[in-house]
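Structural features, examined
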Amino acid sequence: MDLLQALQDSSSASALRGATTLYPFLNAAHILSVGLIVGAIGTLDVRVLGLFKGFALGQLGPPLSRVAAFGVLSAILTGVVIVSVQPVAYVQNPAFLLKLAFAGLAVLNAVALQSRLAWHDALEGGEADLSVKAQAAASLSLWVMAVIAGRWIAFVE
Ligand code: HEM
């Protein structure tokens, strides 16, 4: 907690608290990152689940995965800077912790999927099997829950 308090008291954190223009831009960048994640991975998930079957998974998968990965990186970077403004309050906010847990599980799920043979078979023209579809459904649910928990942060003490 001392470390978090030191971060909160740091000159960069107090400069950011006083930056009335930069702070909203930072928040907007965080939301834009979340939009990239959900837009890209959500499209891929519903394709795996059976929508848009006219578009080959092998064509859609790689670019959408890359856009989502960029979104995750950018959400982490912008999120960490926003947290630095009042880290002590954020680490005590259950909605914030839940958001991190959902997002963390969603990322782990995506990494696990990318390393599976069944996923690579699906990319190479086969259809997604039941286990791949289950991971796509889990991905959709986890990202939606991360967004809901994220929006909730402001309403929880
Ligand atoms: C990677 C997946 C993530 C998703 C889907 C996500 C989602 C969200 C959403 C929907 C909001 C609410 C924005 C608003 O209504 O203004 C939010 C806010 C926030 N997020 Fe994230 N976020 C992610 C990652 C992170 C990370 C890694 C951190 C920090 C380590 C973080 C820190 C924050 C903070 C501090 C807020 C502001 C909360 C407030 O004061 O209202 N986020 N996030």
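Calculation criteria
- Residues numbered from 1 in each chain as written.
- Predicted model: local features only at pLDDT ≥ 70, side-chain atom pairs only at ≥ 80, totals over all residues.
- Heavy atoms only, no water.
- Helix = DSSP H or I, 4+ residues; strand = E, 2+ residues; numbered from the N terminus.
- Buried < 20%, exposed > 50% of the residue type's maximum accessible area, 1.4 Å probe, protein only.
- Contact = heavy atoms within 4.5 Å.
- Areas by Shrake-Rupley, 256 points an atom, 1.4 Å probe, with all protein chains shown as cover.
- Lys, Arg positive; Asp, Glu negative; His and termini not counted.
- Charge placed at Lys NZ, Arg CZ, Asp CG, Glu CD.
- Expected span 1.5 Å × (residues − 1).
- Near = heavy atom within 4 Å.
- Polar contact = N/O pair within 3.5 Å; in protein donor to acceptor, adjacent residues only side chain to side chain.
- Nonpolar A, V, L, I, M, F, W, Y, C, P; charged D, E, K, R; others polar.
- Donors = N, O, S within 2.8 Å, 3.2 Å for Na, K, Ca; no water.
- Tetrahedral: all angles 85-135°; square planar, octahedral: opposite > 155°, others 65-115°.
- Core = buried A, V, L, I, M, F, W, Y, C linked by side-chain atoms within 4.5 Å.

**Re the overall build of the chain**
Looking only at helices and strands, one finds eight helices and zero strands in the chain. Starting at the N terminus and walking to the C terminus, you meet the elements of the chain as α-α-α-α-α-α-α-α. Once the C-alpha set of the chain is aligned to its principal axes, its extents read approximately 55 × 25 × 25 Å. Put simply, the chain has 157 residues, and 35% of those count as buried. Contacts spanning at least 24 positions in sequence make up 76% of the contacts within the chain whose residues lie at least 6 apart. Summing over all exposed atoms, the chain offers an accessible surface of approximately 9,100 Å²; the carbon and sulfur share of this is 73%. Here the chain contributes 8 positively and 8 negatively charged side chains, and the mean placements of these two sets differ by 7 Å.

**As for helix α8 (residues 130–152)**
The terminal C-alpha atoms of α8 lie 33 Å apart, and with 23 residues this matches the ideal 33 Å at 1.5 Å per residue to within 8%. Those residues of α8 that fall on the buried side of the exposure criterion are Val132, Gln135, Ala136, Ser139, Leu142, Trp143, Ala146 and Ala149. In this structure, the buried side of α8 is in contact with α3 (22–48), α4 (57–83), α6 (94–114) and α7 (117–123).

**Section: the site of the ligand**
Neighbouring residues of the ligand: 21 residues in total, closest His30, Gly79, Tyr90, Lys99 and Arg151. Contact between the ligand and His30: a nitrogen atom at 2.9 Å from a side-chain N or O atom of the residue. Lys99 is positioned such that a nitrogen or oxygen atom in its side chain is 2.5 Å from a nitrogen atom of the ligand. Of all the secondary-structure elements, those providing two or more residues to the shell around the ligand are α3, α4, α6 and α8. Broken down by element, the residue count for the shell around the ligand peaks at six residues, all from α4. Residues that form the shell around the ligand fall into these classes: 16 nonpolar, three polar and two charged.

**Brief notes about the coordination of the iron atom of the ligand**
For the iron atom of the ligand, every protein donor is listed as His30 (NE2) and Lys99 (NZ), and the spread of their distances is 1.7 to 2.0 Å. Around the iron atom of the ligand, the six donor atoms sit at angles spanning 86 to 177 degrees, and that spread fits a shape best called octahedral. Here the residue His30 occupies a position in helix α3, and Lys99 occupies one in helix α6, the gap between them amounting to 69 residues. Looking at Lys99, the relative accessible area reads 16%, which means it is buried.

**Comments concerning the nonpolar core**
Core analysis: the biggest nonpolar cluster contains 24 residues, and Val48, Trp119, Val132 and Trp143 have the highest contact counts within it. Contributions of two or more residues to this core are made by α3, α4, α6, α7 and α8. Among all residues touching Trp143, those that are not within four sequence positions of it are Ile37, Val38, Ile41, Val72, Ala103, Ala106 and Val107. In terms of nonpolar packing, the next biggest core, distinct from the first, is built from nine residues, Leu26, Ile82, Phe96 and Ile153 among them.

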